[in-house]
Structure formats: C-alpha cells, structure tokens
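# Tertiary structure, described
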Amino acid sequence: WGDAGHYAVCKIAQSYFEEDTVVAVKKLLPESANGELAAVCSWPDEIKKLPQWRWTSALHFADTPDYKCNYEYSRDCPKDWCVTGAIFNYTNQLMSTSENSQSIVHYNLTEALMFLSHYMGDIHQPLHEGFIGDLGGNKIKVHWYNQETNLHRVWDDMIIESALETYYNSSLPRMIHELQAKLKNGWSNDVPSWESCQLNQTACPNPYASESIDLACKYAYRNATAGTTLGDYYFVSRLPVVEKRLAQGGIRLAGTLNRIFSAKR
Ligand code: DCM
Ligand code: DCM
Ligand code: ZN
C-alpha cells in the first residue's frame, strides 16, 4: 500500500489494542510519532531505498510463481526472506526481550514495531503476493482513467485515492471511519476469526498471503492485461476488496500485537 493504506491499517489496529498493547506501543514509539502508531507505519517505505536499508526492500512482498494462484512458505519465502518471514521475525524479536531478561542481542524494538506494522499492511495487498514474472503487477502498464501507471500502483494507491475523491470528500479520516463502521456492522461476525491465530501461534501470516494471491488472481489481474484502460467498472468492483483487506490488515495487526504484549505481562 501507499501512505494512505498504511495509515488506515494502523489507525484501525489502534482502536482494537488491549490495554497492555496501548502501554507497550506508547513506550516503543519514536518521539516523531506523537503517540500515534499510524504516524510511523510508512517509515519502512521511506527508508528502503537508502543504502543502509536496501536489505529490507525485498521484505515488503512474497512473489508467487506465474499463473499458479497459490502461495507456499517454503517455495515463495526462501530463507525466510519475504514479507511472511519478516512478520515471523519481527514478532519473534518483540516477544524475545522481556523487562527482566538480559538478552545479549539487543534488537531495536522500535524498528521492529514499525516494520511489523508496515509488513502486516503489505501482506494484505493482493499484488504483494503477485506473480514473480511481472513483479507483482509492477511491469503491467495500464491506464487508470486517463493516467499512465502500472497495475501494482493501481492497488497500492489509485483505488484508494479515487475512493477518497468520489465518496469521502478527499478525507482519509472519513474513509477510515466508514471502515470502522463496517467492522461493527457487516463484518462484525468475521472479526473474531480475523483476529485469531491457530493454536498457540503469536503470528500467522501464511494464510494472509494465500488469501492475497487468490484475490490477486480473481480481482487484480482479471481484465487488467498490459495496455488496458481501467475505469469505473474496475474501480467499483475492486474497491470492496481493497476496503476489506485494509480492515483485515488492521484487525490482524491488533490481534498480533495484543498476543505479543499480553504474553509479556
Ligand atoms: N513489489 C512487489 N513485488 C516485487 C517488487 C516490488 O510487490 N517483485 C512492490 C513493492 C512496492 C512496489 O511494488 O510496494 C514498488 O516497488 P519498488 O518500490 O521496489 O519500485
Ligand atoms: N515459520 C518460521 N518462523 C516461525 C514460525 C514459522 O519461519 N517463527 C515458518 C516455517 C514453516 C512455516 O512458517 O515453513 C509454517 O508456518 P505455519 O505453521 O503458520 O503454517
Ligand atoms: Zn511496503
């Protein structure tokens, strides 16, 4: 996602934090966040092109084999070097140091929190598990209305931007408010299953990656070959997918952080 998507995921997550999580996150946030996780959730995108952070740039996605439309950890996350592996890794880092343990390795837990929060958003963007051959849609040039772009950017930014202009008077807080309302109404029965992980797991990103490539095949790639002009029909039919993925990302980030910080109580 672009900045707006990451902000929405983290803002939604914040409203589902348990008390232990509120306290722990507040302690870990940098000054610049002003007490708001959402303010720093795009930080991994801001730094990924800098030489000293170049190693993190492959951790934003997990490309999958062309046209397979499925995801497997061992195949698509070699040496744990992908978004799923990164979510496991930063979860483990945040779990590993408790207040009375004197760990020899001192992870930077502020960075760990910001990476985990960002990558939990990215794994929910369907094209972050897109085909390796087109780099998750980056190589597929399309028009978004009359604007030249690529399919990956349509899903990272354009659908959200058009929704803001068309339905929310260009106000991101209004869009987030609408997603929060849907979480309390239409999606309320789904939230417990979104929030939970299988048996005693703290983080469970593998199913999220599988869902993403399934959605990429059914919605993102469909009727969006190179040179296509995507407009009203594509926008109206794909926006519900984007909205649900932002909401799921927020709920699952909250669930994961709640499990991490309640275990450390
Ligand atoms: N991306 C992806 N799969 C790739 C390469 C990139 O999903 N194989 C994502 C990461 C960014 C976006 O596409 O969100 C643009 O990539 P970059 O910033 O590296 O140009
Ligand atoms: N995995 C990992 N690190 C962890 C937990 C799991 O690398 N802390 C990887 C190893 C397995 C896969 O995830 O290949 C299994 O995950 P799951 O049980 O969530 O399907
Ligand atoms: Zn990213």
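In what follows, the accompanying structure is described. Source: prediction; values computed, not measured.

### Quick look at the packing of helix α10 (residues 205–220) against helix α11 (residues 232–263)
If you want to describe how two helices pack, look at the angle between their axes and the distance between the axes. At their nearest, the axes of α10 and α11 sit 11 Å apart, and the two run at 175 degrees to each other. By the angle between their directions, the pair α10 and α11 is classed as roughly antiparallel. Along the contact surface, α10 presents Y208, E211, S212, L215, Y219 and A220, while α11 presents Y234, R238, V241, R245, Q248 and R252.

### Concerning the coordination of the zinc ion (ligand 3)
Ideal values differ by geometry: the angle at a metal is 109.5 degrees with four tetrahedral donors, but 90 or 180 degrees with six octahedral donors. The coordination sphere of the zinc ion (ligand 3) contains the protein donors H60 (ND1), H118 (NE2) and D122 (OD), at a distance range of 2.0 to 2.2 Å. Every donor residue of the zinc ion (ligand 3) comes from the same chain, spaced as H-x57-H-x3-D. Here H60, found in the loop between α3 (43–47) and α4 (73–76), pairs with D122, found in helix α6 (residues 109–123); they are 62 residues apart in sequence, far enough to count as distant. Residue H60 shares its accessibility class with D122, and that shared class is buried.

### A few points about the state of the cysteines
Think of a disulfide as a covalent bridge from one cysteine sulfur atom to another cysteine sulfur atom. The full count for this structure, using the stated rule, is four disulfides. A disulfide bridge connects C77 with C82, and the sulfur atoms are separated by 2.1 Å. With the S-S dihedral at roughly -105 degrees, the linkage between C77 and C82 falls on the left-handed side. Two residues share a disulfide in this structure: C197 and C204, whose sulfurs sit 2.1 Å from each other. Its S-S torsion of approximately -110 degrees makes the covalent link between C197 and C204 left-handed. By relative accessible area, which is 6% here, C204 ends up buried. Counting its disulfide-bonded cysteines in sequence order, the chain shows a connectivity of 1-2, 3-8, 4-5, 6-7.

### Side note on the packing of aromatic side chains
The tally for this structure, following the rule as stated, stands at 18 aromatic pairs. Ring geometry for W187 versus W194: centroids 5.9 Å apart, planes at 55 degrees, classification tilted. Taking relative accessible area as the criterion, W187 reaches 13% and is therefore assigned buried. An aromatic cluster is built from W43, W53, W55, W81, Y90, F115 and Y119, whose rings are joined through pairwise contacts.

Thresholds, definitions, all that
- Residues numbered from 1 in each chain as written.
- Chains lettered and ligands numbered in written order.
- Predicted model: local features only at pLDDT ≥ 70, side-chain atom pairs only at ≥ 80, totals over all residues.
- Heavy atoms only, no water.
- Axes fitted to C-alpha atoms, helices over the stretch in contact; angles between N-to-C directions.
- Helix = DSSP H or I, 4+ residues; strand = E, 2+ residues; numbered from the N terminus.
- Parallel < 35°, antiparallel > 145°, perpendicular 65-115°, else oblique.
- Contact = heavy atoms within 4.5 Å.
- Donors = N, O, S within 2.8 Å, 3.2 Å for Na, K, Ca; no water.
- Buried < 20%, exposed > 50% of the residue type's maximum accessible area, 1.4 Å probe, protein only.
- Disulfide = S-S within 2.5 Å.
- Phe/Tyr/Trp six-rings, centres within 6.5 Å; stacked < 30°, edge-to-face > 60°.

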